[in-house]
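# Notes for the structure review
Residue strings, one per chain:
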Amino acid sequence: MKNILLTSCILACSATLSHAQITLTAATMNPIVGNSFSTINCDTSAANLKLSIFAADTGANHVWNYTSLTSISLDTALEVTCASTPNCSLFLSATNMAAKTLSSSAYVYSIINSDSVSTTGYYASATQNAILTNPMKQLKYPFSFRDSFTDAYAGSITFDPGLGTGPITAHESGNLHVVCDGWGILKIPTNVDSNTVRIHGTQTFIDSASIFGSPVAITVAINTFQWYMLNYHSPVMSVTFTDQIAGPGTPIHIKTVSYARKYPVGISNVAMLENSLQLFPNPASDQLNVQFDVANSTKVRIALIDLLGREVAVMANAEFQGQQQISCNTNGLSKGMYIVRLQSEGETVNRKVTIQ
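Keep in mind that this is a model prediction, so the values were computed, not measured. (Residues numbered from 1 in each chain as written. Predicted model: local features only at pLDDT ≥ 70, side-chain atom pairs only at ≥ 80, totals over all residues. Heavy atoms only, no water.)

### So, the pattern of salt bridges
- Applying the stated criterion to the full structure yields 3 salt bridges.
- Notably, a salt bridge pairs Asp181 with Arg198, separated by 2.8 Å at the nearest N-O pair. In this pair, Asp181 is assigned in strand 9 (residues 168-188) and Arg198 in strand 10 (residues 191-211), connecting sequence segments 17 residues apart. This pair shows no difference in class: Asp181 is buried, exactly as Arg198 is.
- The partner of Glu311 in a salt bridge is Arg301, and the shortest N-O contact between them spans 2.8 Å. Of this pair, Glu311 sits in strand 16 (residues 311-329) while Arg301 sits in strand 15 (residues 287-306), and the two are 10 residues apart along the sequence.
- Of the residues examined, Glu311 reaches a relative accessible area of 41% and is grouped as partly exposed. (Salt bridge = Lys/Arg side-chain N within 4 Å of Asp/Glu carboxyl O. Helix = DSSP H or I, 4+ residues; strand = E, 2+ residues; numbered from the N terminus. Buried < 20%, exposed > 50% of the residue type's maximum accessible area, 1.4 Å probe, protein only.)

Okay, here's the thing in structure tokens:
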């Protein structure tokens, strides 16, 4: 059964004589409309990716070294307003934010306040969604080392179990306990981040449904470890262990590991453009989105070129800095292969895209 992806949990901790104590607040950590965050998903088959390893890594002035992680895929989430999404009305009226997962076009919905962050559900399709009537509180501001809280939540989960029944709607109720259990230095393959804090979430829930006229219930326990740093409005690294501990099909064990794709100080704008450039959807039908990162304010020109070398559209020609997303209406273009050309600082980056 589908559990909600917790993408908006935001929290804090302390430091030594060489690092000042930090406390995460709404001002430094709440998601901002228009921001996008790319994450690298990792191979979880390694023997050292066990719950016991992560559970023991607690306390002050800790060094977490995960530089040996191996990447297998990339994903990006874009922060948007709830009102801009097609299914906002399904969720609690206080829901004001959503994170769109670009690889699947799923949305995770949240209530973002100055004193808390709560999840109200997700929507991938009419047959895969969760709508919480009692939202799951993931953060209370301010939050520091050794702070903790517990929250109960409930709602409905719609999914297709693949048993020939078609979509089923189950009732889900659970509890989430959150504690800031450590702070220190986090080492990942692309960065060394000082003054990070680790948040450990312990979640248990029961999904109850009727299948072929019989009541069925499963119990799931989830341990989530997430690292945060000031002013990066998304986890720097996430590790999740999901265990079905009761019900049909027990036991089931799933683990996921991902870390933020960030860039080292000093990387050139052109190198960052080339590394971060994403085109989606590809093939495109009525709209093409171009996403890229720029380290420092610089002029970027983006054009769409046909295979005869003709410039058929200029998508952007302006100064940019940070993570960006540009959209182009492709309804009037002929079907076929095109080149998206980014030009900056006298250099050019080309990528192919198909219009269908």
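On we go.
### Here's the deal with the pairing of strand 11 (residues 214-228)
- Burial runs high along strand 11: 12 of the 15 residues are buried.
- Counting the residues in the hairpin turn of strand 10 and strand 11 gives 2 residues, including Phe212, whose phi is positive at 55 degrees.
- Sheet analysis places strand 11 next to strand 12 (residues 237-246), joined by 9 bridges and oriented antiparallel. Looking at strand 12, one finds that Thr224 is bridged to Thr240. (Pairing = 2+ DSSP bridges.)

### With respect to the nonpolar core
- Counting residues in each nonpolar core, the largest one holds 26 residues, and the members touching the most others are Tyr141, Phe143, Val178, Val197, Ile199 and Tyr228.
- Counting only elements with at least two residues in this core, the list comes to helix 1 (26-29), strand 7 (128-140), strand 8 (148-159), strand 9, strand 10 and strand 11.
- Membership of the second largest hydrophobic core comes to 23 residues, among which are Leu273, Ile302, Val349 and Ile355. (Core = buried A, V, L, I, M, F, W, Y, C linked by side-chain atoms within 4.5 Å.)

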